Amino acid sequence: MRVGLLKGNGIGPEITAAMQRVIDACGIGIEWVNVPIADEAVAMYGTEVPEESIDLLRELKVAIKGPISVEKMAGRINYIRKDGTSHIYCSNNNAIRQELDCYACPRPARGIPGISGKNENVDLVVIREISEGIYAALEHRIDGDRASEAIKLITKTGAERICHYAFRYAIQNGRKKVTCAHKANAISLTDGLFLETFRRVAKEYPQIESEDLMVDATAYYLVTNPERFDVIVTMNQYGDILSDLCAGLVGSLGLGAGGNIGDNCAVFEACHGSAPDIAGKNLANPTSLILSAVMMLRHVGMPQWADLVEDSVREVLIEGKHITRDIGGSASTDEYTNAVIEKIKEKKTQINV
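So, how was this worked out
Residues numbered from 1 in each chain as written. Predicted model: local features only at pLDDT ≥ 70, side-chain atom pairs only at ≥ 80, totals over all residues. Heavy atoms only, no water. Helix = DSSP H or I, 4+ residues; strand = E, 2+ residues; numbered from the N terminus. Buried < 20%, exposed > 50% of the residue type's maximum accessible area, 1.4 Å probe, protein only. Lys, Arg positive; Asp, Glu negative; His and termini not counted. Salt bridge = Lys/Arg side-chain N within 4 Å of Asp/Glu carboxyl O. Contact = heavy atoms within 4.5 Å. Core = buried A, V, L, I, M, F, W, Y, C linked by side-chain atoms within 4.5 Å. Pairing = 2+ DSSP bridges. Axes fitted to C-alpha atoms, helices over the stretch in contact; angles between N-to-C directions. Parallel < 35°, antiparallel > 145°, perpendicular 65-115°, else oblique. Nonpolar A, V, L, I, M, F, W, Y, C, P; charged D, E, K, R; others polar.

**Brief notes about the side chain of Glu51**
Then, in step 1: Tracing the backbone through its elements, the reader meets Glu51 in helix α3 (residues 51-60).
Then, in step 2: The charged side chain of Glu51 is buried without a salt bridge, its nearest counter-charge being Arg58 at 4.8 Å.

Here's what the structure looks like:
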């Protein structure tokens, strides 16, 4: 199986290399295909997200991506296609998602004994709509620098497909409840459309419990009683914020996984940034990208290998002997990765896979 590999920048090349070593230890014969992105793409094509890389991703259909640095306050990138057309996106990550028509971003949060404290039993997933909302970069300045205005775009089509995705995800993964997070009391037309759509779609899945909560109430209950949640489906910006909150509940952004899923292509990615301050120091925690690779293996129909890798990661984290600094340990990236690989080798022997 051919899988695209986008190394990113900052700690991206280090954690993608660690993830590759872990997955290769399974011996399942993945062929990693390099897809130029960020600094590497600039050197080759003069832009961080070239259309050549997007075309390769469309061909491969499945890829995994390291983090890409985001320049704060820049806010807008002009993606230029080979045919001369262009489009404004709010980030390089958003350009990749939009050009590939990825619309669903599932981000699981699962507690880990010894790391997650009182939240060790948390097991939920935030499903974020990633094709529209406030991150659509429909914004402009008004009267010079006196004001700025952004448009929050919610469409019936976008809301329907993410809500259907959330309920199908629940069924496929043995989940029992889907919660819609919104702010329809204050933003009645956009959030209201999303909520109306959710309630209508929910009726098509009577076997799954459904509810809706204001996004601020959702944040409150996540902090005070996170075990009440199973699947949360929400709009772009809310999902971005809530999924980071959930990663914090279970211990670190370094433990969070994610994917950008569309009908024809999927790009899995770490849910944290590029951390340039520790790049090249062998300190980064590759867990997020490894668990994103676990999601990838499930996506392509390899659940037994996904379980093997996830169980190995969790055992190393729970033992606490070889964990990285961000979660209270002192292990280097390589030491942690080696420990996970040793677990995989042990478990492969035990279960004869």
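**Some remarks on the environment of Ile64**
Then, in step 1: On the secondary structure map, Ile64 appears in strand β3 (residues 62-65).
Then, in step 2: Among the residues examined, Ile64 registers a relative accessible area of 0% and is labelled buried.
Then, in step 3: Remark: the alpha-carbon pair of Ile64 and Glu269, spanning 205 residues in sequence, is separated by 5.6 Å.
Then, in step 4: When sequence neighbours within four positions are dropped, the list of residues in contact with Ile64 reads Val3, Gly4, Leu5, Leu6, Met19, Trp32, Phe268, Leu289, Ser292 and Ala293.

**Quick notes on the nonpolar core**
Then, in step 1: Residues Leu297 and Val309 are the most contacted members of the largest nonpolar core, which totals 87 residues.
Then, in step 2: In contact with Leu297, not counting residues within four places along its chain, are Ile23, Ile28, Ile30, Met302, Pro303, Trp305, Ala306 and Val309.
Then, in step 3: Counting residues in hydrophobic clusters, the runner-up holds 22 residues, among them Leu6, Val35, Cys102 and Cys265.

**Regarding the environment of Trp305**
Then, in step 1: Inspection of the secondary structure puts Trp305 in helix α10 (residues 303-319).
Then, in step 2: Between the alpha carbons of Trp305 and Ile23 there is a distance of 8.9 Å; along the sequence they are 282 residues apart.

**Things to note about the sheet that holds strand β13 (residues 257-262)**
Then, in step 1: Taken together, 10 strands build an open sheet; the order of strands is β2-β1-β3-β14-β13-β6-β7-β12-β10-β11 and the sheet is mixed. At either end of the open sheet lies a strand with only one pairing partner, and these are β2 (31-34) and β11 (209-214). Across this sheet, the average inter-strand angle for adjacent strands is 25 degrees, counted without regard to direction.

**Side note on the packing of helix α7 (residues 215-224) against helix α8 (residues 236-250)**
Then, in step 1: Running from N to C, α7 and α8 cross one another at 5 degrees; their axes reach a closest spacing of 10 Å. Relative to α8, the element α7 is oriented roughly parallel. Contacts between α7 and α8 involve Val215, Thr218, Ala219, Leu222 and Val223 on the former and, on the latter, Tyr238, Leu242, Leu245, Cys246 and Leu249.
Then, in step 2: A class-by-class count of the residues in the contact of α7 with α8 yields 9 nonpolar, 1 polar and no charged.

**A closer look at the side chain of Ser53**
Then, in step 1: In this structure, Ser53 sits in helix α3.
Then, in step 2: If we ignore the near neighbours within four places in the chain, the residues touching Ser53 are Val35 and Pro36.

**Considering the pairing of strand β14 (residues 266-270)**
Then, in step 1: Counting buried positions along β14 gives 5 out of 5 residues, so the element sits mostly inside the fold.
Then, in step 2: Pairing analysis gives 4 bridges linking β3 to β14, with the strands arranged parallel. Paired with Lys65 across the two strands is Glu269, which belongs to β14.
Then, in step 3: Taken together, the 5 bridges between β13 and β14 define a ladder with antiparallel strand orientation. Bridge assignment links Gly259 to a residue of β14, and that residue is Phe268.

**Remarks on the pattern of salt bridges**
Then, in step 1: For the coordinates displayed, the defined rule picks out 27 salt bridges.
Then, in step 2: Salt-bridge contacts for Arg107 lead to Asp244; the nearest nitrogen and oxygen are separated by 3.7 Å. Remark: Asp244 occurs in helix α8 and Arg107 occurs in strand β6 (residues 102-110); sequence separation between them is 137 residues.
Then, in step 3: One salt bridge connects Asp191 with Lys152, and the closest N-O pair in it is separated by 2.6 Å. With Asp191 in helix α6 (residues 190-202) and Lys152 in the loop between β9 (147-150) and α5 (156-172), this residue pair connects regions lying 39 residues apart in the sequence.
Then, in step 4: Within this structure, Asp55, Arg58, Arg81 and Glu99 form a network of salt bridges that share partners.

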